[in-house]
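# Geometric and topological summary
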Number of protein chains: 2
Amino acid sequence: MTNPTAAMLVIGDEILSGRTRDSNMHYLARQLNERGITLCEARIVSDQQARIVAALNDLRLGHDHVFTSGGIGPTHDDITADAVAAAFGVGLEIRDDARAILAEHYDRTGLELNAARLRMARIPDGAELIENPVSAAPGFTLGNVHVMAGVPAVFEAMVASVLPKIAGGQALYSQSLTINRGEGEIAADLAVLASDYPQVSIGCYPFQRDGAFGATVVVRGEDKAAVDTALLRLSTLFPEATA
Amino acid sequence: MTNPTAAMLVIGDEILSGRTRDSNMHYLARQLNERGITLCEARIVSDQQARIVAALNDLRLGHDHVFTSGGIGPTHDDITADAVAAAFGVGLEIRDDARAILAEHYDRTGLELNAARLRMARIPDGAELIENPVSAAPGFTLGNVHVMAGVPAVFEAMVASVLPKIAGGQALYSQSLTINRGEGEIAADLAVLASDYPQVSIGCYPFQRDGAFGATVVVRGEDKAAVDTALLRLSTLFPEATA
């Protein structure tokens with residue numbers, strides 16, 4: 001695997017309590033996939049500094065990039081910037097450029113840049129700001145860690161700000177077929193196929209629909225010809241399969 | 001925190017590639033929350049044995065329970081049972097009771113219990129089976145790790161089989177108010193509230209709706225009276241808030 005690797009860290013009690021269903025991971029996964037960056041792992045941790053620090057230090061050492069979402073707002077439970085600074089062992093101060101961005105935004109919208117909002121200008125030493133065209137308050141990149149907001153519209157805008165600055169890889173080429181038979185019936189043929197075409201990855205994803213089991217077989221790889229060849233063989237094995 | 005703790009491990013390339021959006025974590029989170037079991041962390045890892053083993057060993061040492069989903073079907077990419085056996089350092093063999101469950105099921109449905117399907121009777125030594133009323137093939141519990149299927153209907157049925165056997169805690173009592181003002185305007189009052197009511201947790205979850213920012217404030221705690229008292233104070237501070 002020569003593509004860059006990535007991990008995601010979602011910071012949010014509200015996901016773990018079941019109050020909210022995360023959507024940022026799914027969004028990021030698709031964006032990274034399109035750019036040939038392999039998302040190897042995602043973690044969701046609660047809003048406790050020790051847990052965030054431990055997960056960050058674990059993930060940033062093992063991947064080319066770590067993307068975080070959540071916990072960079074103005075309220076007392078927004079502790080991600082503190083945790084990132086602690087994980088890197090650097091200071092965290094209100095920074096002039098971040099403050100200027102907030103000042104301009106609140107001036108324009110007629111709101112007060114109060115103490116709570118000013119917390120969002122606290123940036124770990126050495127970080128680079130991530131532009132937030134939705135609500136101004138910036139994210140930041142420190143080392144290989146990209147720290148972004150949890151509100152989906154803001155998260156997505158920040159992803160759009162960050163990704164063009166990151167080297168991508170070769171997007172995996174992927175084709176799939178859906179077979180309305182139980183996995184157990186197609187498993188032996190799939191195993192042979194996987195063994196015959198080691199240069200592609202063949203995943204089998206079962207589903208249940210209208211009471212019947214079926215499976216979507218996904219063939220992925222960097223080499224389009226190899227994927228197409230394996231897919232042709234697959235469709236020969238299972239002529240009833242649909243794209 | 002005296003409630004039992006839990007972690008979830010989702011095994012699935014299809015989640016990390018963005019092909020599928022996970023729903024099992026959200027389902028489990030709500031089920032655990034209702035039973036007073038605290039979901040502290042969730043991880044999603046790809047279908048690679050080394051990653052599954054590392055995550056399992058990390059999570060099972062730090063939590064009372066670990067729940068996994070995915071990778072226990074009959075196809076070549078289903079490697080969760082192997083990974084769990086490796087993580088615990090125990091053997092993995094076809095077990096008579098699991099084989100009998102499969103034999104009865106396929107006999108009844110007129111399908112063949114072929115070699116691929118028989119893979120689903122491979123159970124790590126010392127594990128207890130988890131009943132699967134949807135498609136027969138059992139999950140299993142080994143130590144504090146509960147291994148379940150990835151197909152949501154099957155996962156949910158297995159969760160229903162497992163949870164009654166697990167000691168719960170005191171379900172957190174929770175109340176929330178929605179305030180149609182930016183977080184930055186309510187943050188100072190919330191910080192005072194959080195400091196005045198240390199026996200409850202006060203989370204502020206921002207959202208953007210119709211172009212305007214608002215926030216849902218969630219007050220949670222084991223003590224209903226304390227939650228209600230904090231909520232009353234909150235609604236006094238923000239009389240425009242809605243339940």
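First, a word on what this report is: a plain description of the structure on this page. Just so we're clear, the structure is a prediction, and the values are computed from it rather than from any experiment. (Residues numbered from 1 in each chain as written. Chains lettered and ligands numbered in written order. Predicted model: local features only at pLDDT ≥ 70, side-chain atom pairs only at ≥ 80, totals over all residues. Heavy atoms only, no water.)

This part takes up the overall build of chain A. Counting its regular elements, chain A contains nine helices and 11 strands. For chain A, with 243 residues in total, the buried portion stands at 56%. Taking all contacts inside chain A whose residues are at least 6 apart in sequence as the whole, residues at least 24 apart take part in 69%. If you sum the accessible surface of chain A, you get close to 9900 Å²; carbon and sulfur atoms cover 50% of it. A gap of 1 Å separates the mean positions of the 19 positive and 30 negative side-chain charges of chain A. (Helix = DSSP H or I, 4+ residues; strand = E, 2+ residues; numbered from the N terminus. Buried < 20%, exposed > 50% of the residue type's maximum accessible area, 1.4 Å probe, protein only. Contact = heavy atoms within 4.5 Å. Areas by Shrake-Rupley, 256 points an atom, 1.4 Å probe, with all protein chains shown as cover. Lys, Arg positive; Asp, Glu negative; His and termini not counted. Charge placed at Lys NZ, Arg CZ, Asp CG, Glu CD.)

This part is about the environment of N3 of chain B. All names here are of chain B. With respect to the helices and strands, N3 occurs in the segment before β1 (5-11). Note on N3: relative accessible area 8%, which makes it buried. Residues N3 and I72 lie 69 residues apart in sequence; the distance between their C-alpha atoms is 29 Å. In contact with N3, other than residues within four places in its own chain, are G36, T38, D64, G169, Q170 and E222. Engagement of the side chain of N3 in a polar contact is seen with the backbone oxygen of G36, the distance being 3.2 Å. (Polar contact = N/O pair within 3.5 Å; in protein donor to acceptor, adjacent residues only side chain to side chain.)

With that out of the way, let us pick up the relation of the copies chain B and chain A. In the superposition of chain B on chain A (RMSD 0.0 Å, axial shift 0.0 Å), the rotation amounts to 180 degrees. As the rotation angle and translation indicate, the two copies are arranged about a two-fold axis. Among all residues of chain B, the one whose C-alpha sits closest to the rotation axis is R43 of chain B, at a distance of 2.2 Å. Taken as a fraction of all interface residues of chain B, those also at the interface in chain A reach 100%, which identifies the copy contact as same-surface. (Least-squares fit on C-alpha atoms with pLDDT ≥ 70 in both.)

This part covers the interface of chain B and chain A. Taken together, the contact between chain B and chain A spans 61 residues of the former and 61 residues of the latter. Counting the surface chain B buries against chain A, the share from its top three residues, R21, H76 and Y205 of chain B, is 14%. Taken together, the links from chain B to chain A amount to four salt bridges. For R117 of chain A, the salt bridge is made with E185 of chain B, and the minimal N-O distance between the two is 3.6 Å. Counting across the chain B and chain A interface gives 16 residue pairs in polar contact (both at pLDDT 80 or more). Here strand β2 (residues 38-45) of chain A pairs with strand β2 (residues 38-45) of chain B via five bridges, running antiparallel. Residue pairing in the sheet places I44 of chain A in a bridge with A42 of chain B of β2 of chain B. (Buried area = accessible area lost by both parts, 1.4 Å probe. Salt bridge = Lys/Arg side-chain N within 4 Å of Asp/Glu carboxyl O. Pairing = 2+ DSSP bridges.)

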